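# Survey of secondary and tertiary structure
Now for the letters of each chain:
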Amino acid sequence: MGNENFDFNELEEILKRVRENGAQEEESNTDELLPPEPLAPPEINEPEIDEDELEWHDENEQASKISKPDKEVIKINFKTRLVPKLKVFAKKVFTRQLLIAIGAALVIAGLAFGGVKLYEYSKVAYLKPYVEKYGIEYPEGILEEFCDDYGRDQSTAGKLIIEDTSTDLLVTGNPEKTKAVLENGSTVLKEQHLRSIALDGVDLESFYSSPDKFVTSSQKVVFKTLFGEEEYQVVAVYFANTNPENDNGYVFPYNAWGNMTERSFKSYIDRVKTRSLFYTGVEMPYDAYYLSINTPTNTEEDSRFVLLCKKVNKVDRVTQTKPNKRIRHTQKWYDEHGEENPYRLASDWYPEIYVKGNKTVKLSESDFDYEAS
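What this report covers is the structure whose coordinates are included nearby.

Cut-offs applied
- Residues numbered from 1 in each chain as written.
- Predicted model: local features only at pLDDT ≥ 70, side-chain atom pairs only at ≥ 80, totals over all residues.
- Heavy atoms only, no water.
- Helix = DSSP H or I, 4+ residues; strand = E, 2+ residues; numbered from the N terminus.
- Buried < 20%, exposed > 50% of the residue type's maximum accessible area, 1.4 Å probe, protein only.
- Expected span 1.5 Å × (residues − 1).
- Arc of directions from axis to C-beta.
- Patch = residues over 30% accessible without salt bridge, like charges linked within 9 Å, V, L, I, M, F, W, Y side chains within 5 Å.
- Areas by Shrake-Rupley, 256 points an atom, 1.4 Å probe, with all protein chains shown as cover.
- Salt bridge = Lys/Arg side-chain N within 4 Å of Asp/Glu carboxyl O.
- Phe/Tyr/Trp six-rings, centres within 6.5 Å; stacked < 30°, edge-to-face > 60°.

What follows covers unusual backbone geometry. With a phi close to 55°, N248 is a non-glycine residue in the positive phi region. Looking at where N248 falls in the secondary structure, it is placed in the loop between strand 6 (229–241) and helix 9 (262–275). Judged by its relative accessible area of 58%, N248 is exposed. The backbone phi angle of D302 is positive, close to 50°, even though this residue is not glycine. By the secondary structure assignment, D302 is in the loop between strand 8 (290–296) and strand 9 (303–311). D302 sits in the buried class, given a relative accessible area of 15%.

For helix 9, which comprises 14 residues, the first-to-last C-alpha distance of 20 Å matches the rise-based estimate of 20 Å (1.5 Å per residue) to within 8%. Regarding helix 9, the residues found buried are S264, F265, Y268, I269, R271, V272 and R275. Taken around the axis of helix 9, the buried residues stretch over an arc of 165°, which confines them to a single face.

On the surface, L98, L99, I102 and L106 cluster together into a nonpolar patch covering about 350 Å² of accessible area. Here L106 lies in helix 4 (residues 96–125). Under the relative-accessibility criterion, L106 is labelled exposed at 60%.

Under the criterion given, the structure shown has 14 aromatic pairs. Residues W333 and Y334 carry aromatic rings whose centres are separated by 5.2 Å and whose planes lie at 90° to one another, so their mutual orientation is edge-to-face. By relative accessible area, which is 22% here, W333 ends up partly exposed. Through pairs of rings, three or more aromatic residues link up here, namely Y238, F252, F265, Y268, Y286, Y290 and W349.

Written out as structure tokens, the structure is:
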């Protein structure tokens, strides 16, 4: 058969030539499919950009660089990592004992705040019926026992109690309503170095006008003001002129009042001592508080009998006194007794008081009312 004489080498040569021709055609076809080279871009005149605006855009661009997937990753990390750690930290810090302590502190604070409010209300609650009854405003801290009296008369100052004379009188600023009058210039609405009360028809001389009477008396005076009880000890007694014609046109201000300067107070005490019927030996320092009480007398014409009292915590009764051998009288008295007035060259004294802060004013005759017996 013709097939048996087929040459395999020849066949292999033919196949090789076919493969070479196919590779050349594929290469030529690939070159035809390549795109043309791109054209050069046109030149563009870019506008000028403000540097501040450029920085603003850069900042916003940086802020927007976090892509949505990145944000999701942050969110997942926050939930799966940060939150659990915070919970563990909170459990360590906010223990049961601490939470109980915080709760207790809040409860105590609430009770304290409520207690303060309740206390403040309790201090004024008793005034409500009196305010409705009289339609007036009451001073803060007024004692309830004086609410009716103050409602009827706003010049009410308190009550004066003198054990020796069985005196228990309501004190007001109105002489038509009471026998105990807080004199013009004196007040209990604020602290005063010296106050003065005038009495009408109260016999003080029977208990204080001589050394023997004085040492056997209680020497105690209680002034129960609108706001509290004040205890005083009698430290000096004297007669005071009320008629300027009797003493060269001068009346010593026995009913002085106000917060005196230290120098003025020392002058006041010196003049009280020269008029005192006897010396009690009780010290009268500047930093104490004083109450002057005057009442009519028949012993000396146109005069008042005066007690000067010092505020104390407890009365330490005087058991021995020293007579004053040079009592200062009026010029009229020296003339009637044919004696020379040893005080004739003394200047007329009026108190200098503080009015606002360190500001002072010197009072004059017009600031005092004098009442002859």
